[in-house]
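Structural characterization, general
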Amino acid sequence: MSIRMRSGLTTGLKYAVLIILCLFVFSPVVTAVLGSIRTNGEFMTDPFGLPQNGIQWDNYFSILFDGAFWNSMKNSIFITVSVTSMNVVLASMLAFVLTRVSFRGRGLIFNVLSLGLLFPIVIAILPIFIQIRQLGMINSLFGVIFPLVAFGLPGSVVILRGFFIHVPNELEDASYIDGCTTWGFFIFILLPLARPALTAVAVLQVIASWNEYFLPYLILNDQKLWPLPLGIQQYQGEHGTDWARVMAYVTLLIIPAILFYLFAEKYIVTGLTGGELKG
């Protein structure tokens, strides 16, 4: 077998594996979209089929004209914006201290903080619930926001530290010679250079907080405080579930996250790899 044939077979195998993986990843999304434009009976009969009685736009209209949907949208936006902004601010400060400020125990603190990557929020859900209850934040949006910020910090700090550490020390020294303070170097020089990393952190936090289900389900009892992932429960009745509207709701839920990801996707790879400062 010639080298060209072996190369062609290897490339073909790679594409075949990628296509199969893409089918696994996108099949739930396709199922949700197809289910959202059919009747409940059609979806129950054939979850992967095409509409037989025309596109059922009423599934979307009934949701979009429901005040509960927009109230959940408001709650989701508040949670997402709060978690993302707090996470970016705190993570950038922590990464700066752990990268550009020399003090005893800096490496140990970073290693302890990095251990947070090993423990998802579900593992610590009982201690979190007890602490939130002791703080009087049960049935409060901040009872959801603060734990999400805390458990998002380790990953964000690791990403930003990897970017900050490649900023040349000569640039920092030059800024001090020109009269810049440590705070000024952080705000006016380091953060603008780290925009790709900051954007990557923001995108990851937006997607995680927008789709969070379990923590709001545990903390929030008032339906008026439910974010969008919990709003799906209003279509689950005592005697059955309107799966067509659930699929329409899921489609509306994932559209903002997908659009935001597509808008900021070009910054993610740059931010995660250290960008132009690496090397």
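Conventions used here
- Residues numbered from 1 in each chain as written.
- Predicted model: local features only at pLDDT ≥ 70, side-chain atom pairs only at ≥ 80, totals over all residues.
- Heavy atoms only, no water.
- Axes fitted to C-alpha atoms, helices over the stretch in contact; angles between N-to-C directions.
- Helix = DSSP H or I, 4+ residues; strand = E, 2+ residues; numbered from the N terminus.
- Left-handed = near helix turned anticlockwise from the far one by under 90°.
- Contact = heavy atoms within 4.5 Å.
- Nonpolar A, V, L, I, M, F, W, Y, C, P; charged D, E, K, R; others polar.
- Phe/Tyr/Trp six-rings, centres within 6.5 Å; stacked < 30°, edge-to-face > 60°.
- Buried < 20%, exposed > 50% of the residue type's maximum accessible area, 1.4 Å probe, protein only.
- Lys NZ or Arg CZ within 6 Å of the ring centre and 35° of its normal.
- Parallel < 35°, antiparallel > 145°, perpendicular 65-115°, else oblique.
- Core = buried A, V, L, I, M, F, W, Y, C linked by side-chain atoms within 4.5 Å.

Packing of helix α4 (residues 67-100) against helix α5 (residues 106-114) leaves a shortest axis separation of 9 Å and a crossing angle of 140 degrees. Here the hand of the crossing between α4 and α5 comes out left-handed. Along its contact with α4, which presents Val97, Leu98, Thr99 and Arg100, the element α5 presents Arg106, Ile109, Phe110 and Leu113. Split by residue class, the contact of α4 with α5 holds five nonpolar, one polar and two charged.

A separate point is the packing of aromatic side chains. In total, this model carries 11 aromatic pairs according to the counting rule given. Here the aromatic rings of Phe69 and Trp70 are separated by 5.1 Å at their centres, their planes lie at 80 degrees, and the arrangement is edge-to-face. Take Phe69: its relative accessible area is 2%, and that puts it in the buried class. Trp70 gets classed as partly exposed once you look at its relative accessible area, which sits at 45%. Feature note: the residues Phe96, Tyr176, Trp183, Phe185 and Phe186 constitute an aromatic cluster, connected by ring pairs. Cation over ring: Arg161 sits above Phe110, and NZ or CZ is 4.1 Å from the ring centre.

Despite not being glycine, Asn139 has its phi angle at roughly 65 degrees, a positive value. Structurally, Asn139 is set in the loop between α6 (125-134) and α7 (142-164). Looking at Asn139, the relative accessible area reads 29%, which means it is partly exposed.

Further remarks concern the packing of helix α8 (residues 169-177) against helix α9 (residues 182-193). Here α8 crosses α9 at 135 degrees, and the two axes come no closer than 10 Å. In terms of their interaxial angle, α8 and α9 are classed as oblique. Both α8 and α9 take part in a crossing whose hand is right-handed. The residues of α9 that touch α8, namely those facing Leu171, Glu172, Ser175 and Tyr176, are Thr182, Phe185, Ile189 and Leu193. Considering only residue class, the contact of α8 with α9 consists of five nonpolar, two polar and one charged.

Grouped together as the largest cluster of nonpolar side chains are 22 residues, with contacts concentrated most on Phe96, Val157, Leu160, Phe164, Leu190 and Leu198. The set of elements that each furnish at least two residues to this core consists of α4, α7, α9 and α10 (195-211). Here the element with the most residues in this core is α7; it accounts for six residues. The next biggest cluster of nonpolar side chains, apart from the first, holds 18 residues, and it includes Tyr60, Met73, Val246 and Ala257.

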